[in-house]
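# Structural features, examined
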Amino acid sequence: DTEVTQTPKHLVMGMTNKKSLKCEQHMGHRAMYWYKQKAKKPPELMFVYSYEKLSINESVPSRFSPECPNSSLLNLHLHALQPEDSALYLCASSQGVSGRSETQYFGPGTRLLVL
Amino acid sequence: AQSVTQLGSHVSVSEGALVLLRCNYSSSVPPYLFWYVQYPNQGLQLLLKYTSAATLVKGINGFEAEFKKSETSFHLTKPSAHMSDAAEYFCAVTSSGGGADGLTFGKGTHLIIQP
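Now for a look at the structure at hand. (Residues numbered from 1 in each chain as written. Chains lettered and ligands numbered in written order. Predicted model: local features only at pLDDT ≥ 70, side-chain atom pairs only at ≥ 80, totals over all residues. Heavy atoms only, no water.)

### Considering the sheet that holds strand 3 (residues 19-26) of chain B
All names here are of chain B. Rule in force here: Strands are labelled as partners when DSSP assigns at least two bridges between them. Every helix listed is a DSSP run of H or I at least four residues long, and every strand listed is a run of E at least two residues long, numbered separately from the N terminus. Angular values range over 0 to 180 degrees, each being the angle between N-to-C directions of two axes fitted as lines to C-alpha atoms, with helices fitted over their stretch in contact.
Spatially, 1-3-8-7-6 is the arrangement adopted by the 5 strands of the open sheet, whose pairing is antiparallel. Two strands bound the open sheet, and with one partner strand each, they are strand 1 (3-7) and strand 6 (56-58). Mean inter-strand twist for the sheet, computed between neighbouring axes without regard to direction, equals 20°. Pairing analysis gives 3 bridges linking strand 6 to strand 7 (residues 64-68), with the strands arranged antiparallel.

Structure follows, in structure tokens:
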């Protein structure tokens with residue numbers, strides 16, 4: 001099973017709301033990633049977790065707060081977002097043992113609209 | 001730092017014709033290169049990857065790519081296009097090195113299949 005699941009599929013929120021995106025994998029992977037994909041653009045890396053520790057933060061604004069409660073779960077907490085944050089948020093995972101040649105498996109994404 | 005450039009934001013081919021999607025990389029260290037496909041409203045799926053084991057890489061759905069160091073290229077080909085190949089294709093790169101790292105994507109090529 002090479003499935004990464006993401007919930008919710010769609011999310012509409014106001015600029016004052018607090019919401020969370022959830023990502024789950026049961027492949028035993030120890031590296032997990034958040035990417036942001038604007039319409040008709042490539043995905044851009046936001047965060048990397050390795051063995052439940054944040055290893056890369058690509059200078060993402062603090063209104064995005066990642067959390068990795070355990071090796072199977074990755075959350076992205078959202079607060080005070082701006083309309084320009086509207087995008088497809090993709091989660092991915094990889095084994096986390098062989099370095100950068102590993103395949104990253106992507107979830108279907110959460111489509112976020114900020115009003 | 002590493003990057004990839006995809007030539008042609010849109011490529012149109014007839015069903016049954018050769019598919020050629022171009023990707024050139026720039027990296028100061030030996031790269032790992034990936035081709036991903038994204039169907040509308042979906043996540044990304046790995047087609048194939050180069051990790052230095054072999055320069056000609058075969059992937060899923062009849063796709064293959066050849067790593068050419070002298071040309072810094074990793075072009076994706078398929079001998080005979082099928083209507084189901086219509087999608088967005090991304091070339092991506094990571095650099096060799098330890099630890100998990102995010103993918104750096106090219107801008108993508110939209111493949112159109114004409115009946």
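### Considerations on the side chain of B:Gln6
Residues and elements named next belong to chain B. The condition that has to hold: Polar contact is defined as a pair of N or O atoms within 3.5 Å, subject to the rule that within protein one atom must be able to donate a hydrogen and the other to accept it, and that residues adjacent in sequence are counted only when both atoms are side-chain atoms. Residues are treated as being in contact if the distance between any of their heavy atoms lies within 4.5 Å.
Position of Gln-6 among the secondary structure elements: in strand 1. Within the local environment of Gln-6, its side chain forms a polar contact with the backbone oxygen of Tyr-89, the two atoms lying 3.0 Å apart. A polar atom in the side chain of Gln-6 sits 3.1 Å from the backbone nitrogen of Gly-108. When residues no more than four places from it in sequence are discounted, the contact partners of Gln-6 are Arg-22, Trp-35, Tyr-89, Phe-90, Cys-91, Gly-106, Lys-107, Gly-108 and Thr-109.

### Considerations on the pairing of strand 11 (residues 110-114) of chain A
Residue and element names in this part refer to chain A. Put simply, the rule reads: Note on exposure labels: buried denotes an accessible area under 20% of the residue type's maximum, exposed denotes more than 50%, and partly exposed covers the range between, all computed with a 1.4 Å probe on protein chains only.
Residues Thr-110, Leu-112 and Val-114 point to one face of strand 11 and are all buried, whereas Arg-111 and Leu-113, pointing to the other face, are not buried. Direction of pairing for strand 9 (residues 87-94) relative to strand 11: antiparallel, over a ladder of 3 bridges. Looking across to strand 11, one finds that Leu-88 is bridged to Arg-111.

### Thoughts on the environment of A:Trp34
All names here are of chain A. As for its position among the elements, Trp-34 is in strand 4 (residues 31-37). Assessed through its relative accessible area of 0%, Trp-34 is described here as buried. Remark: the alpha-carbon pair of Trp-34 and Phe-106, spanning 72 residues in sequence, is separated by 9.6 Å. Looking at Trp-34, its side chain comes within polar contact range of the main-chain oxygen of Asn-75, at 3.3 Å.

### Quick word on the interface of chain B and chain A
For clarity, the cut-off: As used here, buried area is the combined drop in accessible area, with a 1.4 Å probe, of two parts when they are placed together. What makes a salt bridge here is a side-chain nitrogen of Lys or Arg within 4 Å of a carboxyl oxygen of Asp or Glu, nothing more. Three categories are distinguished: nonpolar for Ala, Val, Leu, Ile, Met, Phe, Trp, Tyr, Cys and Pro, charged for Asp, Glu, Lys and Arg, and polar for the others, with Gly belonging to the last.
On the chain A side, the residues contacting the 25 residues of chain B number 22 residues. Between chain B and chain A, roughly 1800 Å² of surface is buried when both sides are summed, and carbon and sulfur atoms account for 55% of that area. On the chain B side of the contact with chain A, B:Leu44, B:Ala100 and B:Asp101 bury the most area, a combined 27% of that side's loss. Here chain B is connected to chain A by 1 salt bridge. One salt bridge in this structure joins A:Arg100 and B:Asp101, with 3.5 Å as the shortest N-O distance. Breaking the side of chain B that touches chain A down by element, the ones donating at least two residues are strand 4 (31-38), strand 5 (44-50) and strand 9 (87-95) of chain B. For the side of chain B that touches chain A, the element with the most residues is strand 4 of chain B, which contributes 4 residues. Classifying every residue of the side of chain B that touches chain A by side-chain character gives 9 nonpolar, 13 polar and 3 charged.

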